[in-house]
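Structure assessment
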Amino acid sequence: MALVDYGGSSSSASEDEESAENTQAPTLSILKRPALPTAAALLGPKKQKPDEFEDDVIDDPSLHGGRIRSFKHERGNWATYVYVPADACSDQLEEFQAEAISHLALELELQANDSLHLSLSRTVVLQYHQIDEFSRSLQQALNSSTGFAASLQGLRIYTNEERTRTFIAAPLDAAFVEKMTAILQPIDQVMLDYRLQQFYVPASFHVSLLWCVGDQEKLLNSKLKELQELLEDQDTLSLAVNEVHLKCGNKDFTYLLK
Ligand code: AMP
């Protein structure tokens, strides 16, 4: 398995950092490392006021898939998540993004996610000195994982846990959920080993395409059929699951699958 640190340029964070405070405590017998501080302990309580986006955002959310940093940047705390890039169908998805934005322009201000990917973890917080060891653990955990050719099918609306943001996403075709779950399992185990929060149960694998501020789930669900028709103009949305990435602040590690 190859490990590549591309040392990317844009910092990445999401609204989900604070969700790491709900870290599930595993039994002591399976703990391999001392407990890490929770996101809440590292970052302080989440601000609820809307102007948090203005006060606390250091980076431009449009530069990293529409994720908004909802905490003050602290030196040494690295927003971290694991993902599969959705490069194979990015042209089709970008075309859909543009069409959907103009289709709903009168009702909603939709933003396009720019680094299209399928998440295989929540966004958690690591400290700088933990990054390399965490990456090695992930590389080892994924050592026997096998890649496959998958596709995305249809559209679904998601909100973040705080319901402060709503997403239009293309879910993984149900035929590939079992294979993706097999890749998720070792990743979740690493999260458990590091006492970080595991992925959603049940997992709903998807590529987020567009997002807007606030809970717009009801409105967007009422538009789903129209949006679906825009997407149907596209051919099969291929997702090549050949590699898993770890995004850690501005670092991006790649683990090639067998
Ligand atoms: P992502 O594009 O991976 O950041 O996902 C967009 C949003 O989907 C996140 O804010 C998640 O909290 C949310 N989400 C809600 N339910 C689920 C689920 N069952 N599986 C994965 N993501 C979910």
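Right above here is the structure, for reference.
Residues numbered from 1 in each chain as written. Predicted model: local features only at pLDDT ≥ 70, side-chain atom pairs only at ≥ 80, totals over all residues. Heavy atoms only, no water.

1. Structural notes on helix H5 (residues 177-193)
- For H5, which comprises 17 residues, the first-to-last C-alpha distance of 24 Å matches the rise-based estimate of 24 Å (1.5 Å per residue) to within 8%.
- Along H5, the helix axis deviates most sharply at Leu-184, where the bend reaches about 25 degrees; the proline Pro-186 sits within four residues downstream.
- Within H5, the full set of buried residues consists of Met-180, Ile-183, Leu-184, Pro-186, Ile-187, Asp-188, Val-190, Met-191, Leu-192 and Asp-193. (Helix = DSSP H or I, 4+ residues; strand = E, 2+ residues; numbered from the N terminus. Expected span 1.5 Å × (residues − 1). Bend = angle between axes of the 7 residues up to and from the residue. Buried < 20%, exposed > 50% of the residue type's maximum accessible area, 1.4 Å probe, protein only.)

2. Examining the side chain of Lys-223
- Tracing the backbone through its elements, the reader meets Lys-223 in the loop between helix H6 (217-222) and helix H7 (224-232).
- Judged by relative accessible area, which is 14%, Lys-223 ranks as buried.
- Those residues within four positions of Lys-223 in sequence are excluded, and the remaining contacts are Leu-104 and Glu-107. (Contact = heavy atoms within 4.5 Å.)

3. A look at the side chain of Asp-252
- The topology assignment puts Asp-252 in strand S12 (residues 251-256).
- Buried within the structure, Asp-252 lacks any salt-bridge partner; its nearest side chain of opposite charge belongs to Lys-247, at an N-O separation of 4.3 Å.
- Reaching out from Asp-252, the side chain makes a polar contact with the side chain of Tyr-83 at a distance of 2.4 Å.
- Side chain to side chain, Asp-252 and His-245 meet in a polar contact 2.7 Å long. (Lys, Arg positive; Asp, Glu negative; His and termini not counted. Salt bridge = Lys/Arg side-chain N within 4 Å of Asp/Glu carboxyl O. Polar contact = N/O pair within 3.5 Å; in protein donor to acceptor, adjacent residues only side chain to side chain.)

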